[in-house]
Amino acid sequence: MKPRVYSLDYIAPNKLLHISHDSKTTETDYHTHEFFEIAYVSMGSYTHRINSVNHQVKRGDIIFLKIGDCHSYKSNEKVCKVTNILFYPELFKNNPEVLESYSKKINIHNIIHLNSKDIHQVESLIKYMEYEESQKRSDSLEIMRRYLDILLLIMTRSINESQNNDYKFDISPLLNYIAQNIKTVKPKDIAKKSSYNSAYFSKLFKDTMGINLVKYINEKRIDAAIKLITETDEPIENIAITVGFNEVNYFYKLFKQYTGCTPLSFRKNDNNFKDKE
């Protein structure tokens, strides 16, 4: 039986670029696309079958699927999160040689294992792309394309570096642990899980990720809060507690530092954009 062929119009009509999320917990049929797909695993692990070859992927991995690649996937874990960036090659119509160049470099690497610093950078890029897609402002598509350009460059660099270096400290399992326990996780818990003492692990984390451990945890909690603020009508104080902030005033302070506005203003602005759609 021939694999089913999907177009981007089936998923997101009239779009050249679209970002979606998937749990990968439901097994899919073997299929292919008329578009490119970049899948980033942000939590958990699963089996991704690409062109008849099974790959075990986990947090921090990127799956690169070209037009015509056949694939299916299934996770045995209850918690698994993947961000899918789907785009037509026409997105690069003004400079098609850029996409062609990246495709040639990445061509033989369906799976890219990011190092720890790149994980943080890629997750930030995805967040910026999602924000632009939600805004639907003038030039939002071009801004998203440029973020995608940077993402492809990071992927290419990661491949080049992995051919010359072995990264001795794999922080991916610990980042996965933080994501799964974001409400209650504490730095000392993570250090204990790493088998290093707290002081040494904090230094190792910052050297590896380029960011302080406490700041990283707070950023992930704010990200979780933003999701609840924009997708639910839950009171702000309840959301603060839900994502792990016991002191609401501290949450408000960090939220404003992170977003430039208060949680209520953020919700109001988001609702205004939704009303204009």
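Note that the coordinates shown come from a computational prediction; the quantities given were computed from them, not determined experimentally.

Quick look at the sheet that holds strand β9 (residues 81-87)
- Strand order in the open sheet made by the 5 strands is β2-β9-β4-β7-β10, with antiparallel pairing throughout. Two strands bound the open sheet, and with one partner strand each, they are β2 (17-22) and β10 (111-113). Put simply, the sheet's adjacent strands are angled 20 degrees from each other on average, direction ignored.
- Relative to β9, β2 runs antiparallel, the two sharing 6 bridges. Along β9, the bridge assignment pairs serine 20 with asparagine 84.
- Strand contacts of helix α4 (residues 140-162): β2, β4 (36-43), β7 (61-65), β9 and β10, with the helix running at about 65 degrees to β2, the strand carrying the most contacts.

As for the pairing of β4
- Judged by how many residues are buried, β4 sits mostly within the fold: 8 of 8 residues are covered.
- Two elements, β4 and β9, share 7 bridges in a ladder whose sense is antiparallel. Residue pairing in the sheet places phenylalanine 36 in a bridge with phenylalanine 87 of β9.
- Here β4 runs beside β7; their pairing, made up of 4 bridges, is antiparallel. Within β7, the residue paired with alanine 39 across the bridge is isoleucine 63.

Let's talk about the packing of aromatic side chains
- For the structure on display, the rule yields 14 aromatic pairs.
- The interplanar angle of 35 degrees and the centroid separation of 5.7 Å between the aromatic rings of tyrosine 128 and tyrosine 147 together place this pair among those described as tilted. Placement of the pair is tyrosine 128 in helix α3 (residues 116-135) and tyrosine 147 in helix α4, with a sequence separation of 19 residues.
- Its relative accessible area of 23% is what places tyrosine 147 among the partly exposed residues.
- Linked through ring pairs, Phe245, Tyr250, Phe251, Tyr252, Phe255 and Phe266 together constitute an aromatic cluster.

Notes on the nonpolar core
- Ile38, Ile85, Phe87, Leu148, Leu152, Ile178 and Phe205 are the most contacted members of the largest nonpolar core, which has 43 residues in total.
- A per-element tally of this core places α4 first, with 7 residues.
- Residues in contact with phenylalanine 205, not counting those within four places in the same chain, are Ile171, Leu175, Ile178, Gly210, Ile211, Asn212, Leu213 and Tyr216.

Here's the deal with the environment of isoleucine 217
- As for its placement among the helices and strands, isoleucine 217 is situated in helix α8 (residues 213-231).
- With relative accessibility at 4%, the residue isoleucine 217 sits in the buried group.
- For the pair isoleucine 217 and valine 185, spaced 32 residues apart in sequence, the C-alpha to C-alpha distance is 8.2 Å.
- Ignoring any residue separated from it by four or fewer positions in sequence, one finds isoleucine 217 in contact with Ile178, Ile182, Val185, Pro187 and Ile190.

With respect to the side chain of glutamate 132
- With respect to the helices and strands, the residue glutamate 132 is situated in helix α3.
- One buried charged residue, glutamate 132, remains without a salt bridge, the closest side chain of opposite sign being arginine 137 at 5.5 Å.
- The contacts of glutamate 132, once residues within four sequence positions are left out, are Ser140, Ile143, Met144 and Tyr147.

Some remarks on helix α7 (residues 198-209)
- Under the 1.5 Å per step criterion, the end-to-end length of α7 is 16 Å for 12 residues, consistent within 8% with the ideal 16 Å.
- If you check which residues of α7 are buried, you get Phe201, Leu204, Phe205, Thr208 and Met209. Looking down the long axis of α7, one finds its buried residues gathered within 105 degrees of arc, a one-sided arrangement. Away from its buried face by more than 90 degrees, α7 exposes Ala199 and Lys203.
- Looking one or two residues beyond α7, the residue adopting positive phi is glycine 210, at roughly 75 degrees.

Section: the packing of α8 against helix α10 (residues 248-259)
- Axis separation between α8 and α10 bottoms out at 10 Å; the angle between their running directions is 90 degrees. In terms of orientation, α8 lies roughly perpendicular with respect to α10. In this structure, α8 uses Asn218, Glu219, Ile222, Asp223, Ala225, Ile226 and Ile229 to contact α10, whose residues at the interface are Tyr250, Phe251, Leu254, Phe255, Tyr258 and Thr259.
- Taken together, the residues that form the contact of α8 with α10 break down as 9 nonpolar, 2 polar and 2 charged.

Focus on the packing of helix α2 (residues 96-106) against α4
- Axis separation between α2 and α4 bottoms out at 10 Å; the angle between their running directions is 30 degrees. Classified by the angle between their axes, α2 and α4 sit roughly parallel to one another. By crossing handedness, the relation of α2 to α4 is classed as left-handed. Only Asp149, Leu152, Leu153, Met155, Thr156 and Ile159 of α4 make contact with α2, whose side of the interface consists of Val98, Leu99, Tyr102, Lys105 and Ile106.
- Within the contact of α2 with α4, the residues separate by chemical class into 8 nonpolar, 1 polar and 2 charged.

Criteria and thresholds
- Residues numbered from 1 in each chain as written.
- Predicted model: local features only at pLDDT ≥ 70, side-chain atom pairs only at ≥ 80, totals over all residues.
- Heavy atoms only, no water.
- Pairing = 2+ DSSP bridges.
- Helix = DSSP H or I, 4+ residues; strand = E, 2+ residues; numbered from the N terminus.
- Axes fitted to C-alpha atoms, helices over the stretch in contact; angles between N-to-C directions.
- Contact = heavy atoms within 4.5 Å.
- Buried < 20%, exposed > 50% of the residue type's maximum accessible area, 1.4 Å probe, protein only.
- Phe/Tyr/Trp six-rings, centres within 6.5 Å; stacked < 30°, edge-to-face > 60°.
- Core = buried A, V, L, I, M, F, W, Y, C linked by side-chain atoms within 4.5 Å.
- Lys, Arg positive; Asp, Glu negative; His and termini not counted.
- Salt bridge = Lys/Arg side-chain N within 4 Å of Asp/Glu carboxyl O.
- Expected span 1.5 Å × (residues − 1).
- Arc of directions from axis to C-beta.
- Parallel < 35°, antiparallel > 145°, perpendicular 65-115°, else oblique.
- Nonpolar A, V, L, I, M, F, W, Y, C, P; charged D, E, K, R; others polar.
- Left-handed = near helix turned anticlockwise from the far one by under 90°.

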